[in-house]
Amino acid sequence: MKKRIAVLALAVLLAVTVSPAAQAAPDRGSPFADLQEDHWSYEYVAGLYEQGVVNGYPDGTFRPAGSVTWGESFKLILLAIGCEEPERDPEQHWAYPYIQLALDNRLVYVYDEETLDQVPTRLSVARMAARALDLTDISGESPYTDCSDGYVTELFEKGIMDGFLEDDGSRTFRPEEPISREQICAILQRMMDADFTQRPGMFQYSNYWLDELEGVPLSTFTPEQFVEDERGRLSWTGGGWYAHGIDVSGHKREIDWTAVAEDGIDFAIVRAGNRFYGKNGSGAVAEDSYFDANMQGAIAAGLDVGAYFFSNAITVEEALEEADLLLSKLEPYREYVTYPVVCDWEYLGGKESRAYGVDAKVITECIAAFCQRVEEAGYQPMVYFNKYCGYVKMDLSKLTRYPFWYAEYTDYENVPSCRYGFQMWQYTSSGQVEGIQSDVDMNLCFVPFPLPAQPDPAPEGEPSQSPLDPEPTQLPFPETAPPLYPA
């Protein structure tokens with residue numbers, strides 16, 4: 001886990017030069033001949049100079065408008081977050097050891113060593129600074145007229161980078177301009193001064209600092225509302241309607257659906273297909289060979305049914321491809337589908353995932369496009385996520401039109417611990433159900449499906465909206481429905 005910059009000012013003890021080593025500066029008010037005390041960057045440059053973080057040139061100048069290279073940017077940011085200075089190989093570029101550190105700390109996701117002496121843009125440095133601070137690119141509206149990047153917006157909201165005020169009163173970021181020596185000094189000092197523990201509305205998850213999302217209802221569940229029986233099956237004592245369900249894929253092989261229904265299962269969500277997620281794979285989609293057998297068996301046994309697609313889309317085109325495959329598989333069962341049709345976007349494989357480094361904004365657009373296509377086909381869409389994906393890889397505030405299906409297992413004394421509300425909970429992957437020979441995912445659903453009809457994403461005769469544009473809809477939450485299983 002990366003160390004926090006907010007508590008590491010004293011850890012930056014080594015002189016981190018952004019240029020050749022300087023001689024002692026002349027004894028004057030400013031440590032540098034070309035940086036006056038009334039200049040906007042003086043307090044940042046002088047502060048870092050006093051801490052031994054930056055130095056100037058042998059002639060006593062700092063050259064504040066000079067550029068900073070990729071190698072220098074890596075070194076400054078990495079040592080600022082507490083990374084130990086790596087050993088140098090005299091046969092390699094001086095900054096070469098910092099490349100792996102930059103990759104390990106997610107400052108960049110890929111990097112070409114041939115560019116160490118090139119100058120990064122302001123946008124590139126902003127993204128590295130935000131990731132070093134353990135921020136995500138999930139943010140509000142950009143204050144800039146020329147840049148909508150989520151990381152850049154996060155840094156503006158946290159007071160780390162503020163861009164330029166133009167003569168007409170607008171604010172620009174100038175993302176493609178090179179980063180200057182004085183600008184990176186301001187960024188570093190503000191990073192070291194940042195203390196997110198004192199910021200209202202922020203919370204920590206793992207090594208990420210997150211803003212509480214506006215417009216996403218908070219969870220009202222408490223662990224005390226759930227009771228576990230001797231088989232590990234949960235019941236809800238919150239006083240509202242709920243139903244017991246499972247979700248299955250072809251990995252379960254043949255299922256005795258009559259036995260499943262007789263064992264107290266009310267609904268089944270059946271996988272229709274998946275996309276391969278490995279970085280070196282084809283990223284192809286595949287149909288679940290047991291989908292028809294599972295749908296037919298569950299329907300014949302009297303269960304309510306829905307469907308899901310295991311998504312790893314990293315473009316909107318891929319998301320629509322997945323949705324279209326699912327819808328084609330679902331069409332013969334249209335009249336029986338009362339439960340949601342789910343976009344199950346998951347992040348697997350770590351650095352070997354094809355989705356590694358894909359921004360949350362892009363993933364959110366993929367999920368929204370998938371759900372909008374499902375909705376246009378006349379089904380109820382739903383978004384599946386675990387805590388990591390819901391907090392870090394998605395912007396749930398852009399998906400509140402659709403009900404949420406949350407996955408968290410661990411021990412039941414402390415779950416569900418999701419900050420945000422949800423309509424369905426996958427509480428274990430090791431459930432035991434008659435008619436299924438292996439462990440199975442178990443779920444509780446807290447609202448009765450199908451839900452009331454929602455307004456169309458785009459009124460008839462008007463241009464289609466962006467997947468992220470549909471008007472928000474207030475979805476029902478557990479306490480609004482009458483009881484099915486009394487407490």
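Residues numbered from 1 in each chain as written. Predicted model: local features only at pLDDT ≥ 70, side-chain atom pairs only at ≥ 80, totals over all residues. Heavy atoms only, no water.

Right, let's get into the pairing of strand β7 (residues 243-248). Along β7, 6 of the 6 residues are buried, which leaves the element largely enclosed by surrounding structure. Burial of β7 is two-sided: the residues A243, G245 and D247 facing one way and the residues H244, I246 and V248 facing the other way are all buried. (Buried < 20%, exposed > 50% of the residue type's maximum accessible area, 1.4 Å probe, protein only. Helix = DSSP H or I, 4+ residues; strand = E, 2+ residues; numbered from the N terminus.)

Within the protein chain, residue pLDDT values average 87, and 87% of them lie at 70 or more. Low pLDDT, under 50, characterises residues 3-27; the predicted model gives this stretch 64 contacts beyond four residues in sequence or across chains. Low pLDDT, under 50, characterises residues 480-487; the stretch is placed with 17 contacts to residues that sit more than four places away or in other chains. (pLDDT = per-residue confidence, 0-100. Contact = heavy atoms within 4.5 Å.)

The next point concerns the packing of aromatic side chains. A full pass over the atoms with the stated rule returns 34 aromatic pairs. Between F221 and F446, the ring centres sit 4.5 Å apart and the planes meet at 45°, which makes this aromatic pair tilted. Note that F221 is positioned in the loop between β4 (208-211) and β5 (226-228) and F446 in the segment after β15 (440-445), a separation of 225 residues in sequence. Owing to a relative accessible area of 9%, F221 belongs among the buried residues under this scheme. A ring pair is formed by F226 and W425, whose centres lie 5.0 Å apart and whose planes are at 75°; its orientation type is edge-to-face. Linking F226 in strand β5 with W425 in strand β14 (residues 424-431), this pair joins segments that are 199 residues apart in sequence. In terms of burial, F226 and W425 fall into one category: buried. Taken together, the ring pairs in this structure connect F221, F226, W236, Y242, F385, F404, Y406, F422, W425, Y427 and F446 into an aromatic cluster. When the ring centre of Y347 is taken as origin, the NZ or CZ atom of K393, which lies over that ring, is 4.8 Å away. Over the ring of F203 we find R419, and its NZ or CZ is 4.1 Å from the ring centre. (Phe/Tyr/Trp six-rings, centres within 6.5 Å; stacked < 30°, edge-to-face > 60°. Lys NZ or Arg CZ within 6 Å of the ring centre and 35° of its normal.)

This part covers unusual backbone geometry. Residue P450 is reached from F449 by a cis peptide bond, and omega for that bond is 0°. Looking at where P450 falls in the secondary structure, it is placed in the segment after β15. Non-glycine residue S206 carries a positive phi angle of around 55°. Residue placement: S206 occurs in the loop between β3 (202-205) and β4. Given the relative accessible area of 42%, S206 is considered partly exposed.

Let's shift gears to the environment of W94. The topology assignment puts W94 in the loop between α2 (70-80) and α3 (97-104). Considered as a pair, W94 and E72 are 22 residues apart in the sequence and their alpha carbons are 9.8 Å apart. Ignoring sequence-local partners within four residues, the contact set of W94 consists of G71, E72, K75 and R88.

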